[in-house]
Amino acid sequence: MTHANAVTCLGGEQTTLQPFDTPAPGPGELLLDLRVVGFCGTDMFKLVTGAAAPGTVLGHEIVGEVAAIGPGVEGFAPGDRVAVPHHVPCGECALCRRGAETMCDTFRENLLFPGGFADRILVRPRATAQAAQKLPDHVSDEAAVFLEPGACVLRSVHKGELPREGGLAVVQGGGSMGLLHLLIIRAALPGTKVLVVDPVAERMELAVSLGAAAAAPPGEAAQAAVGELSEGLGADAVFDTVGGAGPLRAALTLSRQGGTVVLFAHAGPDEPADFPINDLFKFERRIVGAYSGALGEQREVFDLLRSGALDPTPLVTHRLPLDRFAEGVELVRQRKALKVLYTPSNGKDRD
Ligand SMILES: [Zn+2]
Ligand SMILES: [Zn+2]
């Protein structure tokens, strides 16, 4: 048993940093010392909606250093740097066999204990065996921490079914997930032009500096930019990282006939959609959801990170110790931060 700090939910948005008992690794498990953990939109959603039960430790985008290995673990040694996602599908059920791995019942089980916002994290056997990646020296913590969110985005990009060459993708929202879409599309499908739609000038500038063909505020300017970039055709795929009925309508307007809208964000609880059904039927459009990333996407993103084709590190704007958790949440809420990474707590209490 080790004693280490974790950011623990108290109900609603309240959290506290408190010591947590983490057992020694059992068969097939890894015990990690935290190096960095990313703050994700889903963490924000769970805090804001009060979906996190008291006692929960959120956080799931982690890079750690192996502190101890359980019996039977192969391929890892103390001191190795490791990135590991918290969700891994079973690979065998009816949904997994149909390619809907992220809908697998087993997938939603959290394989990180107590959670990512903790100085010490136990990695469960299925994640250790199938998903944990030992990091080569040239892959930094700041890049590797994008393994999990990168896999989610890559699944979204796959669902967009962009052409191999010459396609136009629109990304609605220039926050960290929107810009990660931009970087991953540019890495995986370099022949694709990307337009980023966001009302904030700074974010539009950043998008262009990160490889967007153009950036525009929502509305007529976005419509005009799509027309220009596609010779009037419309976008092959629109990725909505904003969420809700309004952005969905806008996405449909920007998509070409026969094109795809991929939903990559929470809408309000029970918020209904509102768009002309004939926009789908008569013009063969598709609206698809993308939830999380499966093993294939996790591995593919790791390859992009390892080869250097994907460098998400410009998205990291803040690094704070876990002691300053609430400060990071506030920075994201006020849109003063893109990606916030937390580092181990200052008052590390270990024995
Ligand atoms: Zn996430
Ligand atoms: Zn399954």
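Here is what the cut-offs are and how they apply
- Residues numbered from 1 in each chain as written.
- Chains lettered and ligands numbered in written order.
- Predicted model: local features only at pLDDT ≥ 70, side-chain atom pairs only at ≥ 80, totals over all residues.
- Heavy atoms only, no water.
- Salt bridge = Lys/Arg side-chain N within 4 Å of Asp/Glu carboxyl O.
- Helix = DSSP H or I, 4+ residues; strand = E, 2+ residues; numbered from the N terminus.
- Buried < 20%, exposed > 50% of the residue type's maximum accessible area, 1.4 Å probe, protein only.
- Donors = N, O, S within 2.8 Å, 3.2 Å for Na, K, Ca; no water.
- Contact = heavy atoms within 4.5 Å.
- Tetrahedral: all angles 85-135°; square planar, octahedral: opposite > 155°, others 65-115°.
- UniProt positions renumbered as here; feature names shortened; annotations may be inferred.
- 1 Å grid on protein atoms, 1.4 Å probe; cavity = no way out; pocket = protein on both sides within 12 Å on 5 of 7 lines; lining within 4 Å.
- Points joined across faces, edges and corners; volume = space filled by probe spheres on them.
- Nonpolar A, V, L, I, M, F, W, Y, C, P; charged D, E, K, R; others polar.
- Pairing = 2+ DSSP bridges.
- Axes fitted to C-alpha atoms, helices over the stretch in contact; angles between N-to-C directions.
- Domains from an automatic or database assignment.
- Buried area = accessible area lost by both parts, 1.4 Å probe.
- Polar contact = N/O pair within 3.5 Å; in protein donor to acceptor, adjacent residues only side chain to side chain.
- Phe/Tyr/Trp six-rings, centres within 6.5 Å; stacked < 30°, edge-to-face > 60°.
- Lys NZ or Arg CZ within 6 Å of the ring centre and 35° of its normal.

(A) Examining the pattern of salt bridges more closely. Evaluation of the coordinates by the stated rule reveals 18 salt bridges. Arg 155 is the salt-bridge partner of Glu 101, the closest N and O atoms lying 3.5 Å from each other. In this pair, Glu 101 is assigned in the loop between helix H2 (94-97) and strand E6 (112-113) and Arg 155 in helix H5 (residues 147-159), connecting sequence segments 54 residues apart. Judged by its relative accessible area of 7%, Arg 155 falls in the buried class. Measuring nitrogen to oxygen at the nearest pair gives 2.7 Å for the salt bridge that ties Arg 324 to Glu 327. Connected through shared salt-bridge partners, Arg 35, Glu 65, Arg 81 and Asp 141 make up one network.

(B) Quick look at the coordination of the zinc ion (ligand 1). Looking at the zinc ion (ligand 1), the protein donor atoms are Cys 40 (SG) and His 60 (NE2), and they sit 2.1 to 2.3 Å from it. Pair noted here: Cys 40 is in the loop between strand E3 (30-38) and helix H1 (41-48) and His 60 is in the loop between H1 and strand E4 (61-69), with a separation of 20 residues, a long-range link. Neither Cys 40 nor His 60 differs from the other in exposure class; each is buried.

(C) Seen up close, the environment of Leu 95. Following the sequence through the fold, Leu 95 ends up in helix H2. According to the relative accessible area criterion, Leu 95 is partly exposed, its value standing at 37%. Considering only alpha carbons, one finds Leu 95 and Gln 172, 77 residues apart in sequence, at a separation of 30 Å. Those residues in contact with Leu 95, other than ones at most four positions away along the chain, are Ala 100, Glu 101, Met 103 and Cys 104.

(D) Quick peek at the coordination of the zinc ion (ligand 2). Every protein donor of the zinc ion (ligand 2) is listed here as Cys 90 (SG), Cys 93 (SG), Cys 96 (SG) and Cys 104 (SG), and their distances to the metal cover 2.3 to 2.4 Å. Angles of 106 to 113° at the metal separate the four donor atoms of the zinc ion (ligand 2), which places the site in the tetrahedral class. The buried category is assigned to Cys 96, whose relative accessible area is 8%.

(E) Quick peek at the UniProt feature "domain: Alcohol dehydrogenase-like C-terminal" (unreviewed entry) in the chain. The residues that UniProt annotates with the feature "domain: Alcohol dehydrogenase-like C-terminal" (unreviewed entry) are residues 184-305. Span residues 184-305 is 40% helix and 22% strand, its end C-alpha atoms 10 Å apart.

(F) Spotlight on the layout of surface pockets. What the second largest pocket holds in volume is close to 180 Å³. In terms of lining residues, the second largest pocket is bounded by 13 residues, among which Gly 243, Gly 244, Leu 263, Ala 265 and Ala 267 are the most central. Split into classes, the residues belonging to the lining of the second largest pocket amount to eight nonpolar, three polar and two charged.

(G) How the structure looks around the sheet that holds strand E10 (residues 193-197). Pairing is parallel in the open sheet, where six strands are placed in the order E11-E10-E9-E12-E13-E14. The two strands at the open ends of the sheet, each matched to only one other strand, are strand E11 (214-216) and strand E14 (286-289). Neighbour-to-neighbour, the strand axes of this sheet turn through a mean angle of 20°, independent of strand direction. Bridge count between strand E9 (residues 168-172) and E10: five bridges; the pairing is parallel. Bridging across to E10, Leu 168 finds its partner in Lys 193. Against the sheet, helix H9 (residues 245-254) engages E9, strand E12 (235-240), strand E13 (255-263) and E14, with an angle of about 150° to E13.

(H) Representation of the domain arrangement of the chain within the structure. On domain assignment, one finds that the chain holds domain 1 (2-146 + 312-343) and domain 2 (153-289). Here the C-alpha centroids of domain 1 and domain 2 sit 29 Å apart. The partner domain 2 presents 11 residues to the 14 residues of domain 1 that form the contact. Interface area lost by domain 1 to domain 2 is led by Phe 45, Leu 315 and Leu 338, which between them contribute 46%. Along the contact surface separating domain 1 from domain 2 lie one salt bridge. Taken together, the connections running from domain 1 to domain 2 amount to one residue pair in polar contact (both at pLDDT 80 or more). Per-class residue counts for the side of domain 1 that touches domain 2 are eight nonpolar, three polar and three charged.

(I) Geometry of the packing of aromatic side chains. Tallying each qualifying case throughout the model produces seven aromatic pairs. Judged by centre distance (5.9 Å) and plane angle (80°), the ring pair of Phe 39 and Phe 325 falls under edge-to-face. One end of the pair, Phe 39, is in the loop between E3 and H1; the other, Phe 325, is in helix H12 (residues 325-333), with 286 residues separating them in the sequence. Grouping residues by exposure puts Phe 39 and Phe 325 together as buried. Considering the side-chain rings of Phe 39 and Tyr 342, the 6.4 Å spacing of their centres and the 90° angle between planes classify their relative orientation as edge-to-face. One end of the pair, Phe 39, is in the loop between E3 and H1; the other, Tyr 342, is in strand E16 (residues 339-343), and 303 residues separate them in sequence. Like Phe 39, the residue Tyr 342 is buried in the burial classification. Feature note: the residues Phe 39, Phe 117, Phe 325 and Tyr 342 constitute an aromatic cluster, connected by ring pairs. Over the face of the ring belonging to Tyr 291 we find Arg 108, whose NZ or CZ atom lies 4.7 Å from the ring centre.

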